[in-house]
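Working through the structure, step by step
So the chains spell out like this:
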There are 2 protein chains.
Amino acid sequence: MNKFILNKDIDTPLYIQLYENFKVLIEENQLEKEKLPSIRSLAKSLGVNNVTVVSAYKLLEKEGYVYSIKGSGTYIKKLPISDDMPYLEEGDMELMVSGILPVSKDSINFASMSPTPDLFPIEEFKQALVEVLDRDGGQAFLYPEIIGYEPLRESISKFLVENYGTKVDKDQILITSGGQQGLDIISKTLINHGDCILVENPTYSGALSAFKSRGAKIIGIPMNEDGIDIDLLKSYVKRYSPKFLYMMTNYQSPTTYSYSDDKKKELLFLSKEHEFYIIEDDFLTDLSFDDNDKKSTLKSMDKHNQIIFIKSFSKIFMPGVRIGFITLPNKLFKEIIKAKHTTDVSSSGYLQRAFDLYLRKGYWKSHIEKIKRVYSEKYNIMTRELDKLNNYGISYVKPNGGLSIWLKLPKEIDVLELYKECTENNLAIVPGKVFFVDESIYSNYIRLSFGAINNDEIVEGLKILENIISRPFKDKNNNYLPFI
Amino acid sequence: MNKFILNKDIDTPLYIQLYENFKVLIEENQLEKEKLPSIRSLAKSLGVNNVTVVSAYKLLEKEGYVYSIKGSGTYIKKLPISDDMPYLEEGDMELMVSGILPVSKDSINFASMSPTPDLFPIEEFKQALVEVLDRDGGQAFLYPEIIGYEPLRESISKFLVENYGTKVDKDQILITSGGQQGLDIISKTLINHGDCILVENPTYSGALSAFKSRGAKIIGIPMNEDGIDIDLLKSYVKRYSPKFLYMMTNYQSPTTYSYSDDKKKELLFLSKEHEFYIIEDDFLTDLSFDDNDKKSTLKSMDKHNQIIFIKSFSKIFMPGVRIGFITLPNKLFKEIIKAKHTTDVSSSGYLQRAFDLYLRKGYWKSHIEKIKRVYSEKYNIMTRELDKLNNYGISYVKPNGGLSIWLKLPKEIDVLELYKECTENNLAIVPGKVFFVDESIYSNYIRLSFGAINNDEIVEGLKILENIISRPFKDKNNNYLPFI
């Protein structure tokens, strides 16, 4: 224990001194064991009160250096290096964490958030597709501008004002081939090998793949019901000088949690204060089922163009159209254009022209009202049926919007076992585990989405789930010992 | 000169010993100056014949360690590290080398290889687009399989047999959003930060951008009229253990050179022997204007699935359709699927379905015959007019196919100055410089493409060019000294 230098003659409280000692030792990798000494033994060897050690450990935990497991002790939180991240396991798991899940065709698909073809506005979009061909002929199949077809950028600029009260100039909009490509392009622009970035934990696995592919060091910040842990964010920002924070303001994937207005303001303040970008990934803001609780984006509050806003239309329009966009901070304009060109030169000009015409013809509003009606009905059935399963120890926060439920399971249930049993019973679910950046966080969750299934399937699927979780789980690893 | 240890008592010839000495010193970065000692001074200080030094230097040059400049001396060839590559200069040049060129709308555009809308088979493709909507409805806008819409993969497998005599199973084909995306996905799959890769020098700048974006060390191998320098390839393969060689078999960009059959065989042999992949980028094989000189791809000779074949339809069909494909070696299947998913989830299912229908309806053959007719006429006008400019000291190799001429200029002409003068005279050309990996290679070339201009513009444009090169060039850097 000669590693610690405490001085009782100075003003700094002992617990702060101890905290500072640990901080340096952890940052410089000087501690041999992952587990910190027990409170009692350390207090004894240092000749201080237990309370001093407890306070130091609590501060370390608050600042993100350690985590504690009840009844076990306090452990150093390792910065997950991308090379040994847990989402690189063998087999299916490996694909699953990239957002790819093997789903048999007979399954009731609680895994997908994508809309079904009956919700697609095919007639209206077909009209636009044909009209573009008649209007533009071969022009429709030239390379469009790299940044995107100008009239579409105009339409989207208008769309942003009308739907989210957000002003973005058409020349600060880059059309992408879907939201995922937005992530890829931003990664190429901002991430150099070894850079730190911050993400909500858990988060969208497709984003993790894109960041990881660039060699980023990914640091997760726990996602609470009203947004990420801001204290931890502050501490991490100072500690790691991250390139950006990646986040979803509304109906976050997978948790379905939304940010409070206070937290949004704090994020904006911190991003300006500490000069890191915020990547706001928005794919569901439009799907509020409660008119008294309409959600707004972080981008709508962004006065200084600090937020890179990514919009995907895959869940609220049609996935196969492969159109999305990102907004561009002036400073990054040239770099982002280069990255887009390197990625695929430009997105299909024909589809851009058709989507532009679709928006200009004013079809959007009635489309979004229709899908809100349909999804809100599914949401109501979903929550009604889930509430019947209360007594199995499951719980969840009602999102009042979005396309999923983030279901917390009792800790006796092994989520991967549950996943396997569900698959055997033709039920596709997503184990929460795949969305986490590291293993140190409690991950006993599953995500149940209702985007791709009909009302009857919801009822039937949850009956199958009830059946599975009501059976006693095989407990392979425990030994049964008498407790007298 | 005490760095050299030569032993006259052993069997190894002195020049080989000297070569070995230099090799080690260069590889270990032990030589202070870039320039090697002069032949005479080194011979003197070592007490050997001049011939010994000359032979050693020649061997060093052959193996790619040094290059010589006539009348100046011999210089160490530095491995270009991506961070200080010449194609990262400021301003326009920076975009230009990423394949982005600012072209004014009034220009005669010798810079673009892309076809003009009048060549697009709009009627036939429109028929396919509408038929798909009637046939598949909303299904057309679902996410297709990540690897691509199965019937299209089938059609392309057939297309490969019929057009290039190449057998590739439909499950070894990945549909991409154009050829550039193929490069991006392969880069993500194969290149880790710091990996060495080999390219033809000069080569396609969009490929360089994709490789560079992954942190690759890019090594160029001079491109000769019958393909790259194979001896140098052998030496580099041993020296750098590259991940892959990136090449274009026919009408290479920008040189328009094609590989001889012998060189193709050697490439295949070396790739198997030394276990590196070959990325064959094919965008013009179809455009042979001489029926006695029909070109074949390297892939058609590939018995062991070592070649990753990238096909772009942008130049021979329509750029805005954004469809291309790559073939997949079995070993890389899973990794490539993951990379595609991370990039943009999947390419537009709707356009895939339409292109599939277009191919199935048998429209391809007459389309390709039509564009060959048109381009071969442009090619003939282009070469006829260029041949009139013989007396200005320009020269080129006739490719008998493709969409460009690679024009060698007399060395008095400063290519960047020429580029500027052309731009001022509304003539868009591409300075050869932007295609080179390093500066050590002679780059006094321009690329003149005839894809995007009509017959009259070719004649008019070359007249403007003649006007410019016939004027004496400002020679700003030379001092005029009497030579008595």
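Criteria and cut-off values
Residues numbered from 1 in each chain as written. Chains lettered and ligands numbered in written order. Predicted model: local features only at pLDDT ≥ 70, side-chain atom pairs only at ≥ 80, totals over all residues. Heavy atoms only, no water. UniProt positions renumbered as here; feature names shortened; annotations may be inferred. Helix = DSSP H or I, 4+ residues; strand = E, 2+ residues; numbered from the N terminus. Rg over C-alpha atoms; globule rule 2.2 N^0.38 Å. Buried < 20%, exposed > 50% of the residue type's maximum accessible area, 1.4 Å probe, protein only. Contact = heavy atoms within 4.5 Å. Areas by Shrake-Rupley, 256 points an atom, 1.4 Å probe, with all protein chains shown as cover. Domains from an automatic or database assignment. Pairing = 2+ DSSP bridges. Axes fitted to C-alpha atoms, helices over the stretch in contact; angles between N-to-C directions. Least-squares fit on C-alpha atoms with pLDDT ≥ 70 in both. Core = buried A, V, L, I, M, F, W, Y, C linked by side-chain atoms within 4.5 Å. Buried area = accessible area lost by both parts, 1.4 Å probe. Salt bridge = Lys/Arg side-chain N within 4 Å of Asp/Glu carboxyl O. Polar contact = N/O pair within 3.5 Å; in protein donor to acceptor, adjacent residues only side chain to side chain. Expected span 1.5 Å × (residues − 1). Arc of directions from axis to C-beta.

Per an unreviewed UniProt entry, chain A is named PLP-dependent aminotransferase family protein, and its organism is Tissierella carlieri. As recorded by UniProt, the Sequence similarities (unreviewed entry) comment attached to chain A reads in full: "In the C-terminal section; belongs to the class-I pyridoxal-phosphate-dependent aminotransferase family."

With that settled, consider the overall build of chain A. Helix and strand counts for chain A come out as 15 helices and 15 strands. Its C-alpha atoms give chain A a radius of gyration of 25 Å, near enough to 23 Å, the size a compact globule of 484 residues would have. Along the first, second and third principal axes, the C-alpha set of chain A runs to 85 × 55 × 45 Å. Classification of the 484 residues of chain A by burial places 59% in the buried group. Looking at chain A alone, contacts between residues at least 24 apart form 73% of all its contacts between residues at least 6 apart. When the accessible surface of chain A is summed, it comes to about 20,900 Å², and 47% of that surface belongs to carbon and sulfur atoms.

So, about the domain arrangement of chain A. Split by domain assignment, chain A resolves into domain 1 (14-76), domain 2 (98-116 + 366-470) and domain 3 (121-365). For domain 1 of chain A and domain 2 of chain A, the distance between their C-alpha centres works out to 39 Å.

All names here are of chain A. Judged by pairing direction, the sheet is mixed, and its eight strands sit side by side in the order β4-β11-β10-β9-β8-β5-β6-β7 without closing on themselves. Every other strand in the sheet has two partners, leaving β4 (173-176) and β7 (227-228) as the edge strands with one partner each. Pairing geometry for β4 and strand β11 (residues 324-327), over four bridges, is antiparallel. Following the sheet pairing, Ile173 is matched in β11 by Thr327. With respect to the sheet, helix α7 (residues 179-190) is in contact with β4, β8 (244-247), β9 (277-282), β10 (307-312) and β11, its orientation differing from that of β10 by roughly 150 degrees. Sheet strands in contact with helix α11 (residues 333-344) are β4 and β11, and its direction is about 15 degrees off that of β4.

A few words on the relation of the copies chain A and chain B. When chain A is fitted to chain B, the residual RMSD is 0.0 Å, and the transformation amounts to a turn of 180 degrees plus an axial shift of 0.0 Å. The relationship between the two copies is best expressed as a two-fold rotation axis. Comparing interface residues between copies, 100% of those in chain A also sit at the interface in chain B, which points to an isologous, same-surface contact.

We now examine the nonpolar core. Counting residues in each nonpolar core, the largest one holds 209 residues, and the members touching the most others are Phe141(A), Phe211(A), Tyr350(A), Phe141(B), Phe211(B) and Tyr350(B). Not counting chain neighbours up to four residues away, the residues in contact with Phe141(A) comprise Leu133(A), Tyr350(A), Phe120(B), Ile122(B), Phe125(B), Leu129(B), Met318(B), Pro319(B), Gly320(B) and Val321(B).

Residues and elements named next belong to chain B. Because side chains alternate across strand β11 (residues 324-327), one face comprises the buried residues Gly324 and Ile326, and the other comprises Phe325 and Thr327, equally buried. By the bridge criterion, three bridges tie strand β10 (residues 307-312) to β11 in an arrangement that is antiparallel. Following the sheet pairing, Lys311 is matched in β11 by Phe325.

Attention now moves to the interface of chain A and chain B. It is common to give the size of an interface as the accessible area lost on bringing the parts into contact. Opposite the 57 residues of chain A that make contact, chain B presents 57 residues. Interface area for chain A against chain B, summed over the two sides, is near 4,700 Å², with a carbon-plus-sulfur share of 64%. Where chain A packs against chain B, one counts four salt bridges. With its nearest N and O atoms 2.4 Å apart, the salt bridge here joins Asp134(A) to Lys126(B). Counting the contacts that link chain A with chain B gives 20 residue pairs in polar contact (both at pLDDT 80 or more). Where the side of chain A that touches chain B is concerned, the elements lending two or more residues are α4 (92-96), α5 (122-136), α7, α8 (205-213), α11 and α12 (349-360) of chain A. For the side of chain A that touches chain B, the leading source of residues is α11(A), giving eight residues.

Our focus in this paragraph is α7(A). All names here are of chain A. Taking 1.5 Å per residue, twelve residues should reach 16 Å; α7 reaches 17 Å between its end C-alpha atoms and fits that length. Burial analysis of α7 places twelve of its twelve residues in the buried class, the great majority of the element. Gly179, Gln180, Gln181, Gly182, Leu183, Asp184, Ile185, Ile186, Ser187, Lys188, Thr189 and Leu190 are the residues of α7 that are buried.

What follows concerns helix α2 (residues 39-46) of chain B. All names here are of chain B. For α2, the set of buried residues is Leu42, Ala43 and Leu46. Along the axis of α2, the buried positions cluster into a sector of 100 degrees, meaning they face one direction only. Of the exposed residues in α2, the ones pointing more than 90 degrees away from its buried face are Arg40 and Lys44. Here the buried face of α2 lies against α1 (14-27) and α3 (50-62). Phi turns positive, to about 70 degrees, at Gly47, one or two residues after α2.

Further remarks concern the sheet that holds strand β14 (residues 430-431) of chain A. Residues and elements named next belong to chain A. The three strands are arranged β12-β15-β14 in an open sheet whose pairing can be described as antiparallel. Of all strands in the sheet, those bounded by a partner on one side alone are β12 (404-408) and β14. Note: β14 against strand β15 (residues 445-449), two bridges, orientation antiparallel. Within β15, the position partnered with Val430 by the bridge is Arg447.

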